Amino acid sequence: MICNNCRIIPPKWGINRKTINIPLNHHLPLLQPVTLSQLILKYHELGSLNQGPQKQANQLEFRHALSFIRQWRGGDEFFEFNTSGSTGQPKTIRIERWRMELSAQRTIDALGLSENMTALLCMSPAFIGGAMMIVRALMARMNLTIVPASRQPFEQLTVPFDFTAMVPMQLSELLESGTKEQLQYLDNAQHLLLGGAGVSNELLKKIESLKTTCWSTYGMTETVSHIALKQLNGSLPDKNFKVLDGVQIKTGDKGQLCIRDSITNDQWLETNDMVDIINEKEFVWLGRLDNVINTGGVKVMTDKVEMGVEMVMQEAFPDSRYFIAGMPHETYGTVVTLFLEHNSLVDDTDLLKKIKKEAPLSKYEFPKRLVILKSFPETDSGKIDKQRILKSQS
């Protein structure tokens with residue numbers, strides 16, 4: 001149970017160019033201009049929230065977070081979230097409170113999260129991944145630090161933390177350009193969850209040397225965040241994803257993962273992810289069903305091709321994003337195509353020849369076409385909007 005007979009952040013406040021400590025049970029004087037770069041909420045002070053800090057919280061993430069906390073502490077039984085829309089049309093899903101509580105408790109138990117630890121929210125609470133960070137903090141009685149969701153989430157951070165969740169892009173940016181102090185914050189943390197996208201081989205190599213325990217997560221909005229974890233570093237890293245307690249798995253007729261759980265109302269939920277099931281608790285993720293390209297009658301997994309070209313792309317375009325998709329072709333029906341985000345000319349022939357020479361792919365998997373865009377459009381959750389890109393090229 002959560003105690004409601006408490007208050008929020010002691011009645012004193014101060015401002016410097018990096019941090020504002022806010023007395024959330026007192027109205028703040030009008031301060032112009034105010035840029036809130038970091039919001040620190042102590043659990044034992046999370047009693048009620050007034051409109052003072054809401055007005056000060058000019059960042060959208062802060063407003064979303066404070067609003068969600070009010071709803072949660074107010075006893076709301078339902079919450080609405082949008083799916084990311086990275087591979088299909090975004091949709092709104094209504095999730096019951098008890099499902100979120102069950103999901104949060106599983107993560108708390110799996111990672112040993114406890115009272116007085118500090119959770120860092122650096123993802124948007126408008127999506128399930130960010131909202132669940134708040135729920136875990138509330139249920140485990142952890143303190144909560146909130147910074148704006150960005151590619152470099154530690155830019156505004158001035159306090160240590162024990163537990164956080166990021167998308168791989170955020171961690172990659174942090175390891176590439178983070179300050180010594182920022183990297184120390186990371187190394188001092190106990191657990192880091194990575195979700196929303198796959199972890200590249202290059203990032204995995206960097207993760208292996210981190211002191212904080214890093215976990216790759218498998219889940220979606222429909223499963224209320226992750227239902228499986230894979231430890232990426234430490235003395236005993238995992239080879240496979242391991243499902244959390246209470247989750248059942250099997251494969252469908254196309255090799256896709258099916259999940260049954262209390263969170264799915266004990267009904268089998270069919271996903272779009274192809275997997276190899278090792279046993280009742282472990283599986284290997286192979287790629288998405290909707291990321292299969294049928295080129296000349298041969299099925300090619302785009303996820304495998306993206307991993308295969310990674311070394312070449314990192315060497316040739318270390319700061320550029322890319323992805324693999326299928327494009328219409330007169331002879332093959334669909335052809336494997338490499339989409340590259342780059343702002344200057346690229347020799348198509350040389351790059352494709354280099355990939356064919358160096359990438360560990362079969363002759364059917366090599367990209368046959370290159371499409372270059374100066375900037376990739378993104379979904380609201382910050383993922384590459386592949387559907388929009390493909391539509392613009394058709």
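Residues numbered from 1 in each chain as written. Predicted model: local features only at pLDDT ≥ 70, side-chain atom pairs only at ≥ 80, totals over all residues. Heavy atoms only, no water.

On to the overall build of the protein, then. The secondary structure content of the protein amounts to eleven helices and 21 strands. Burial status across the protein gives 49% buried among its 394 residues. Taking the intrachain contacts of the protein between residues at least 6 apart in sequence as the baseline, contacts between residues at least 24 apart amount to 57%. Looking at the protein as shown, the accessible area adds up to about 19500 Å², and 48% of this sits on carbon and sulfur atoms. (Helix = DSSP H or I, 4+ residues; strand = E, 2+ residues; numbered from the N terminus. Buried < 20%, exposed > 50% of the residue type's maximum accessible area, 1.4 Å probe, protein only. Contact = heavy atoms within 4.5 Å. Areas by Shrake-Rupley, 256 points an atom, 1.4 Å probe, with all protein chains shown as cover.)

Once that is clear, we can look at the pairing of strand S13 (residues 248–251). Strand direction decides the pairing type here: S13 and strand S14 (residues 256–260), joined by four bridges, are antiparallel. Across the sheet, the residue bridging to Ile249 is Ile259, located in S14. (Pairing = 2+ DSSP bridges.)

Remark: helix H2 (residues 60–73) packs on helix H3 (residues 97–111), axes separated minimally by 12 Å, with the N-to-C direction vectors making an angle of 105 degrees. Taken together, the axis directions place H2 and H3 in an arrangement best described as roughly perpendicular. Contacts between H2 and H3 involve Phe68, Gln71 and Trp72 from the former and Arg97, Met100 and Glu101 from the latter. (Axes fitted to C-alpha atoms, helices over the stretch in contact; angles between N-to-C directions. Parallel < 35°, antiparallel > 145°, perpendicular 65-115°, else oblique.)

We now examine the packing of aromatic side chains. For the structure shown, the criterion picks out nine aromatic pairs. On the basis of an interplanar angle of 80 degrees and a centroid distance of 5.5 Å, the ring pair of Phe154 and Phe161 is categorised as edge-to-face. On the accessibility criterion, Phe154 (1% relative accessible area) is buried. Through pairs of rings, three or more aromatic residues link up here, namely Phe68, Trp72 and Phe79. Looking at Arg94, its charged tip hangs above the ring of Phe78, at a distance of 4.0 Å from the centre. The lysine or arginine in question, Lys230, covers the ring of Phe241, its NZ or CZ lying 5.8 Å from the ring centre. (Phe/Tyr/Trp six-rings, centres within 6.5 Å; stacked < 30°, edge-to-face > 60°. Lys NZ or Arg CZ within 6 Å of the ring centre and 35° of its normal.)

Attention now moves to the pattern of salt bridges. The final tally for this structure, using the stated rule, is 14 salt bridges. The residue Arg151 makes a salt bridge to Glu173 at a minimum N-O spacing of 3.8 Å. Placement of the pair is Arg151 in the loop between strand S7 (143–146) and strand S8 (163–166) and Glu173 in helix H5 (residues 168–177), with a sequence separation of 22 residues. A salt bridge links Glu341 to Arg321; the shortest N-O distance between them is 2.9 Å. (Salt bridge = Lys/Arg side-chain N within 4 Å of Asp/Glu carboxyl O.)

Core analysis: the biggest nonpolar cluster contains 42 residues, and Phe68, Met100 and Leu144 have the highest contact counts within it. Ranked by the residues each element gives to this core, the list is headed by helix H4 (residues 128–139), at eight residues. For Phe68, the residues in contact, after removing those within four places along its chain, are Phe79, Phe81, Met100, Ala131, Ile134 and Val135. (Core = buried A, V, L, I, M, F, W, Y, C linked by side-chain atoms within 4.5 Å.)

Turning our attention to the sheet that holds strand S19 (residues 322–329). Spatially, three strands are ordered S19-S20-S21 in an open sheet, and the strand pairing comes out mixed. Looking at the sheet topology across the chains shown, the edges are occupied by S19 and strand S21 (369–373). Direction aside, neighbouring strands of the sheet carry axes that sit 35 degrees apart on average. The sheet contact formed by strand S20 (residues 333–341) and S21 spans five bridges and is parallel. Paired with Leu338 across the strands is Leu370, a residue of S21.

Once that is clear, we can look at the side chain of Asp303. Tracing the sequence through the fold places Asp303 in helix H8 (residues 302–308). Summary of buried charges: Asp303 has no salt-bridge partner, and the nearest side chain of opposite charge, Lys386, is 6.0 Å away. If we ignore the near neighbours within four places in the chain, the residues touching Asp303 are Trp285, Leu286, Gly287, Arg288 and Asn291. (Lys, Arg positive; Asp, Glu negative; His and termini not counted.)

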